[in-house]
2 protein chains.
Amino acid sequence: MATGRTHRPATRSRGIPEATVARLPLYLRALTALSERSVPTVSSEELAAAAGVNSAKLRKDFSYLGSYGTRGVGYDVEYLVYQISRELGLTQDWPVVIVGIGNLGAALANYGGFASRGFRVAALIDADPAMAGKPVAGIPVQHTDDLEKIIDDNGVSIGVIATPAGAAQQVCDRLVAAGVTSILNFAPTVLSVPDGVDVRKVDLSIELQILAFHEQRKAGEEAAGESAAVPLAPKDSGKGPDGDVPAVMPA
Amino acid sequence: MATGRTHRPATRSRGIPEATVARLPLYLRALTALSERSVPTVSSEELAAAAGVNSAKLRKDFSYLGSYGTRGVGYDVEYLVYQISRELGLTQDWPVVIVGIGNLGAALANYGGFASRGFRVAALIDADPAMAGKPVAGIPVQHTDDLEKIIDDNGVSIGVIATPAGAAQQVCDRLVAAGVTSILNFAPTVLSVPDGVDVRKVDLSIELQILAFHEQRKAGEEAAGESAAVPLAPKDSGKGPDGDVPAVMPA
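Quick caveat, the model's predicted, so the values are computed rather than measured. (Residues numbered from 1 in each chain as written. Chains lettered and ligands numbered in written order. Predicted model: local features only at pLDDT ≥ 70, side-chain atom pairs only at ≥ 80, totals over all residues. Heavy atoms only, no water.)

With respect to the overall build of chain A
So, point 1. Check the secondary structure of chain A and you find nine helices and 11 strands.
So, point 2. Within chain A, buried positions represent 51% of all 251 residues.
So, point 3. Sequence separation of 24 or more characterises 54% of the internal contacts of chain A that already satisfy a separation of 6 or more.
So, point 4. As displayed, chain A offers around 11,000 Å² of accessible surface, 54% of which is attributable to carbon and sulfur atoms. (Helix = DSSP H or I, 4+ residues; strand = E, 2+ residues; numbered from the N terminus. Buried < 20%, exposed > 50% of the residue type's maximum accessible area, 1.4 Å probe, protein only. Contact = heavy atoms within 4.5 Å. Areas by Shrake-Rupley, 256 points an atom, 1.4 Å probe, with all protein chains shown as cover.)

Observations concerning the pairing of strand β8 (residues 139–143) of chain A
Two faces make up the sheet, and in a regular strand the side chains alternate between them.
All names here are of chain A.
So, point 1. In terms of strand pairing, strand β6 (residues 119–126) meets β8 through three bridges, oriented parallel. For Asp 126, the partnering residue across the bridge sits in β8 and is His 143.
So, point 2. Connecting strand β7 (residues 135–136) to the next strand, β8, in antiparallel fashion are two residues, including Ala 137 with a positive phi near 55°. (Pairing = 2+ DSSP bridges.)

Observations concerning the UniProt feature "domain: CoA-binding" (unreviewed entry) in chain A
So, point 1. This chain's UniProt record puts "domain: CoA-binding" (unreviewed entry) on residues 89–190 of chain A.
So, point 2. Helix makes up 32% of residues 89–190 of chain A and strand makes up 28%, while its end C-alpha atoms are separated by 26 Å. (UniProt positions renumbered as here; feature names shortened; annotations may be inferred.)

Comments concerning the sheet that holds strand β11 (residues 198–201) of chain A
Residues and elements named next belong to chain A.
So, point 1. Taken together, seven strands build an open sheet; the order of strands is β7-β8-β6-β5-β9-β10-β11 and the sheet is mixed. Edge positions in the sheet fall to β7 and β11, since each has one partner strand and no second.
So, point 2. Contacts from helix α8 (residues 165–177) reach β5 (94–99), β9 (158–161) and β10 (182–185), with the element oriented near 170° to β9. (Axes fitted to C-alpha atoms, helices over the stretch in contact; angles between N-to-C directions.)

So, the relation of the copies chain A and chain B
So, point 1. When chain A is fitted onto chain B, the two copies agree to an RMSD of 0.1 Å after a turn of 180° and an axial shift of 0.1 Å. Classification of the inter-copy transformation places it as that of a two-fold axis. Considering only C-alpha atoms, the part of chain A nearest the rotation axis is A:Asn103, at 2.4 Å.
So, point 2. Interface overlap between copies is the fraction of interface residues in one copy that are interface residues in the other; for chain A against chain B it reaches 99%, indicating a shared surface. (Least-squares fit on C-alpha atoms with pLDDT ≥ 70 in both.)

What about the packing of helix α2 (residues 44–51) of chain A against helix α3 (residues 55–64) of chain A?
In a pair of packed helices, the angle between the axes and the distance between the axes together describe the arrangement.
Residues and elements named next belong to chain A.
So, point 1. Two elements in contact, α2 and α3, have axes separated by 8 Å at closest approach and are oriented at 105°. In terms of their interaxial angle, α2 and α3 are classed as roughly perpendicular. Of the residues in α3, those in contact with Ser 44, Glu 45, Leu 47 and Ala 48 of α2 are Ser 55, Leu 58, Arg 59 and Phe 62.
So, point 2. Residue composition of the contact of α2 with α3, by class: four nonpolar, two polar and two charged. (Parallel < 35°, antiparallel > 145°, perpendicular 65-115°, else oblique. Nonpolar A, V, L, I, M, F, W, Y, C, P; charged D, E, K, R; others polar.)

Here we look at the interface of chain A and chain B
So, point 1. At the junction of the two partners, chain A supplies 94 residues and chain B supplies 95 residues.
So, point 2. Both faces combined, the contact of chain A with chain B buries some 8,700 Å², and carbon together with sulfur accounts for 61% of it.
So, point 3. In this assembly, chain A and chain B are joined by six salt bridges.
So, point 4. The salt bridge involving A:Arg217 is made with B:Glu87; its shortest N-O contact spans 2.7 Å.
So, point 5. Where chain A meets chain B, there are 28 residue pairs in polar contact (both at pLDDT 80 or more).
So, point 6. Ranked by residue count, the leading element in the side of chain A that touches chain B is helix α9 (residues 206–226) of chain A, at 15 residues.
So, point 7. Among the residues forming the side of chain A that touches chain B, the class breakdown is 45 nonpolar, 25 polar and 24 charged. (Buried area = accessible area lost by both parts, 1.4 Å probe. Salt bridge = Lys/Arg side-chain N within 4 Å of Asp/Glu carboxyl O. Polar contact = N/O pair within 3.5 Å; in protein donor to acceptor, adjacent residues only side chain to side chain.)

Remarks on the sheet that holds strand β5 (residues 94–99) of chain B
Residue and element names in this part refer to chain B.
So, point 1. Spatially, the seven strands line up as an open sheet ordered β7-β8-β6-β5-β9-β10-β11, and their pairing is mixed. Only two strands of the sheet have a single neighbouring strand rather than two, namely β7 (135–136) and β11 (198–201).
So, point 2. Pairing analysis gives four bridges linking strand β9 (residues 158–161) to strand β10 (residues 182–185), with the strands arranged parallel. Bridge pairing in β10 places Ile 158 opposite Ser 182.
So, point 3. Lying over the sheet, helix α8 (residues 165–177) contacts β5, β9 and β10, oriented at roughly 170° with respect to β9.

Here it is, written out as structure tokens:
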């Protein structure tokens, strides 16, 4: 049960700032790409560029891991992959359950990127009795009635919620009551959990938003290139308050 | 055509650092949650905590937008939502195509979080002739043969690739040749694109990795609570080099 657990400090765990923790998977993704291309070493500048992070920040982040690289050589790719994986806890096996086996749940069950990071899909759970026993990604779907037993039998501490928004909080409550202490939420709703339970919400539009920023800039540059009279300002649909007013808050 | 475009500076666009751009969607997500709860104003500390960012960094980021808040009152939530949306280019309409309508493509087509951010799914494209004409999320799937015409007819500049890894580069090349300048890649492969084209790769396991980090810490804390003799060190499967050697790079 997680409800009785003492509240954990939100910002630091063993001295590693939360923002650094959030960047470790980005470094790991870039390092894995280098490893797949058999690149033996990487400079902080190259790795920072590949991960989309400032190189001074990368060096600071790695100092929390006790990793300083070698002057003129850089960082050993394989050793850093191991070191970050260990720090993130990915060198151990994490059984996860996915609840809600619609298109998204099925896509997640089939997603190769979980297994390669130590996440083993231990069970798939759906509320639709017609789904029960049907194999998805080679795993038979089980009914929500058995949720508590499934969590217990598999020693699951991480649950993935891919249900519709309306069902997510109830599923979350049952997962937590059954002993799950980390929730990855794909449902478009905000979940309430007791202290000691971590929830992360996935927003699939975040990367699109970053692309839109660059598209807007590219459109502005193109316009400027075509005619010197066209200002560099972004295209704007004209919704909302005038964009050119001083931006000190009106409140 | 994007191939002839001059290379755009990778780190800055109109003076806003890339790392700030990457955080704007996180602020927007937190602000949208506040807006949905009709919260009128928010302090930099509250917003920073909700977005998982250091509050000094948040204030620095907002200074690039010309947003400084009001002392003792904080930031106006609605105005900041508008301001960040405008900066990211979300106040205009972005038609996107999704290529590869398996479980993941179908889940993306049905994903409500795109439309609310200005991303309109203009077309769904799949290589399977049996899929052609079949509606997914109310949109009839079109065949890959018509990809170039679809991009052109809909003025699409952003393409989402949800194909298997083996098909992704070819689809990417055709999208780029047809005029797409931003690619969101869900396929588990690294794509090559010409200068001037932005690619972002989605790794659905990143949030799970952050949860695993906290689970590992919780397990360590629990063990320490149960017996003072149990060290706080994380559980480790014992793979790889000894974790306790000095971490200066061996290379």
